[in-house]
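# Geometric and topological summary
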Amino acid sequence: MSDLLLPPELRYAGIIEARKNEDGSELSILNLGPTHPATHGIFQNILLMDGERIIDGEGTVGYIHRAFEKIAENRPFYQITPLTDRMNYCSAPINNMGWWMTMEKALGIEVPKRAQYLRVIVMELARIADHIICNSVLGVDTGALTGFLYVFQYREKIYEIYEEICGARLTTNMGRLGGFERDWSPLAFEKLNTLLEEFPPIWREFENLLTRNRIFMDRTINVGPISAEKAISYGFTGPNLRAAGVDYDVRVMQPYSSYEDFEFEIPVGKSGDTYDRFCVRNEEVWQSLSIIKQALAKLPEGPYHADVPDYYLPPKDEVYHNMEALIYHFKIVMGEVPVPVTEVYHPVEGGNGELGFYLVTDGSRTAYRLHFRRPCFIYYQAFNEMVRGQMLSDAIATLSSLNVIAGELDA
Amino acid sequence: MALENSVILRTLTDQFGSAVSDFQQIHDILTFEVESNSISEVMSFLRDNQTMRFNFLTTLCGMHFPDAAKERQFSVVYHMHNWIDNVRIRIKCYLSAPYPEIETVSNLFLSANWQERETYDFYGIIFKGHPQLKRILNMDEMVSFPMRKEFPMEDGGRTDKDDRFFGRTTDNC
């Protein structure tokens, strides 16, 4: 039996014993997590420590596994959106839109331009909310609480925009197959415009607070670095890969929802360390703001959803007064909609990287198989290698800058 | 010049003959089948060959087909991506019940490590040569493989969710 199959504490006991006999040094085992305030999520790391230095570690994940893939095989298609919310709950709208786009690809539905632009706006808002949390919490973990409190209120403002669009804030369950459930209200646009005015100076100030801050730089430069080759092999995507210097972005490689209509840049880092990841995310926020502005300026008039009565719930007013609408409403709610036998893979650029949906249908009312490519789950396995030989406090900063979201990790 | 599907098809057929088969374009991705004992060879060829250059293993996942023939009851589906020409492919390997086994690709792509553990955890597919093939999301003491189709999602004794009232039985839902 391979040594690695043993529980880490047993494996490490042997190493500790050997080192003690060898040079008398005393190694120790540190249990970081599962509920540790610095891990920002429920996952455990069992670390073998030499004083403050990490010699080896093993992560245990799965503490909040909720069997989403199994549930998805037993639910009609529109009931899967709430599951996607709960994966990366920091940027739920991206997950929702990604799932709808997967279904639309499987069914061959063309989404009107206005709905596509609105989707781009809400997805970029979600990316900003995601990066606000990640970067400001990195500040907290390195000892700067002020920036966090300062920018966190803007996440709140973004949530107010979600609330205006769909009624929910954190787990949004936003949109419908073919577009949105309703057109955005004037108040939603008003709130969006206020955010676009008020947020940039705040974000600039936040950057000023940390980017050239000597303490912050000392705590993050050369901490938890990863080379581009290693990052690609480990399946890194998103800001963490771009920090290592690879300009891979699904929005550019495989534009969806009209991303090809917008001008934006892909920031890349160089060394793949915590500081680069911080800077890449900072710059991505500016790019997202620019995309939102462009989308608002070019926002076309027209329908906010595709004309697909087989899949799109009829207006409530008609459901109450019209037989056919009632029948359609019932059929759609019960999942009795025509679905072709096919398989699709649809990637979107999530807050943490390529979020993919691999859907296999067999013509019944549920998915035969739905696999989520969860970026966190794939890149988190590199964590132990990234922190090996580093200090414990560096491991915390690395973990924070990787933006590991437990919901996405465990599905 | 972008990598054409026909080039992929021809190169792979020349190289591996009957081990690769059933090429088809499903939506935007070229899909084909690879015999399970050549998967490691095919994937390292796809990664290292100068025309193929599939440098990225996007994802891998298991599937279960309880109604299929015995040799094709399980499958592992790999998605690979060539970032230089921006081409994706999907590779399917069918495995036989009741003890599905396949070579690991975690030596080719480090990202396969946890994904293979996840597939083992949920489908009981053994990845030969995997350095640490143990459960990852479920607890170690578990004995069943929960993503297999025969594993019930909920307690069968529940009476508050009876789908028969909507004309459905366990067979047609």
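Residues numbered from 1 in each chain as written. Chains lettered and ligands numbered in written order. Predicted model: local features only at pLDDT ≥ 70, side-chain atom pairs only at ≥ 80, totals over all residues.

### Re the interface of chain B and chain A
With 30 residues of chain B at the interface, the matching set in chain A holds 33 residues. Sorting the residues of the side of chain B that touches chain A by element identifies strand 3 (56-64) and helix 3 (112-123) of chain B as the ones contributing at least two each. Looking at which element gives the most residues to the side of chain B that touches chain A, the answer is strand 3 of chain B, with six residues. Of the residues in the side of chain B that touches chain A, the class split is 17 nonpolar, 11 polar and two charged. (Contact = placed C-beta atoms within 7 Å. Helix = DSSP H or I, 4+ residues; strand = E, 2+ residues; numbered from the N terminus. Nonpolar A, V, L, I, M, F, W, Y, C, P; charged D, E, K, R; others polar.)

### Some details on the pairing of strand 5 (residues 87-95) of chain B
Residues and elements named next belong to chain B. With respect to burial, strand 5 is a largely interior element, seven of its nine residues being buried. As judged from the four bridges shared by strand 2 (residues 29-34) and strand 5, these two strands associate in the parallel manner. Counterpart to Leu30 in the pairing with strand 5 is Ile89. Pairing analysis gives nine bridges linking strand 4 (residues 74-82) to strand 5, with the strands arranged antiparallel. Considered in strand 5, the bridge of Met80 is made with Ile89. The loop that links strand 4 with its antiparallel partner strand 5 comprises four residues; one of these, Asn86, has a positive phi angle of about 55 degrees. (Buried ≥ 20, exposed ≤ 12 C-beta atoms within 10 Å, placed from the backbone. Pairing = 2+ DSSP bridges.)

### Considerations on the sheet that holds strand 2 (residues 44-50) of chain A
All names here are of chain A. The strand order across the open sheet formed by three strands is 1-2-3, and the pairing between neighbours is antiparallel. The strands lining the two open edges of the sheet, one partner per strand, are strand 1 (28-32) and strand 3 (53-60). Recorded for the sheet is a direction-independent mean angle of 25 degrees between the axes of neighbouring strands. Here five bridges tie strand 1 to strand 2, and the two strands are oriented antiparallel to one another. Note that in strand 2 the partner of Asn31 across the bridge is Ile46. (Axes fitted to C-alpha atoms, helices over the stretch in contact; angles between N-to-C directions.)

### Considering helix 4 (residues 92-107) of chain A
Residues and elements named next belong to chain A. The terminal C-alpha atoms of helix 4 lie 23 Å apart, and with 16 residues this matches the ideal 22 Å at 1.5 Å per residue to within 8%. Counting buried residues in helix 4 gives 15 out of 16 residues, a clear majority hidden from the surface. At the exit of helix 4 stands Gly108, carrying a positive phi of roughly 70 degrees. (Expected span 1.5 Å × (residues − 1).)

### Let's talk about the domain arrangement of chain A
All names here are of chain A. Taken domain by domain, chain A holds domain 1 (3-60) and domain 2 (68-410). Between the C-alpha centres of domain 1 and domain 2 the distance comes to 34 Å. Taken residue by residue, the interface counts 14 residues in domain 1 and 19 residues in domain 2. Sort the elements by how many residues they give to the side of domain 1 that touches domain 2 and strand 3 lands first, with six residues. Residues of the side of domain 1 that touches domain 2, tallied by class, amount to five nonpolar, five polar and four charged. (Domains from an automatic or database assignment.)

### Looking at the sheet that holds strand 3 of chain B
All names here are of chain B. With respect to topology, five strands assemble into an open sheet ordered 1-2-5-4-3, the strand pairing being mixed. In this open sheet, the two strands that pair with only one neighbour each are strand 1 (20-26) and strand 3. Geometrically, the sheet is characterised by an average inter-axis angle of 20 degrees between neighbouring strands, direction not taken into account. The strands that helix 3 touches are strand 3 and strand 4; relative to strand 3, the one it contacts most, it runs at about 5 degrees.

### A look at the packing of helix 5 (residues 113-141) of chain A against helix 12 (residues 274-298) of chain A
Residue and element names in this part refer to chain A. With their axes 9 Å apart at the nearest point, helix 5 and helix 12 run at an angle of 155 degrees to one another. For the element pair helix 5 / helix 12, the angle class is roughly antiparallel. Note on packing geometry: the crossing formed by helix 5 with helix 12 is left-handed. Of helix 12, the residues touching helix 5 (which contributes Tyr117, Val120, Ile121, Glu124, Leu125, Arg127, Ile128, His131, Cys134, Asn135 and Leu138) are Phe278, Arg281, Asn282, Glu284, Val285, Ser288, Ile291, Ile292, Ala295, Leu296 and Lys298. (Parallel < 35°, antiparallel > 145°, perpendicular 65-115°, else oblique. Left-handed = near helix turned anticlockwise from the far one by under 90°.)

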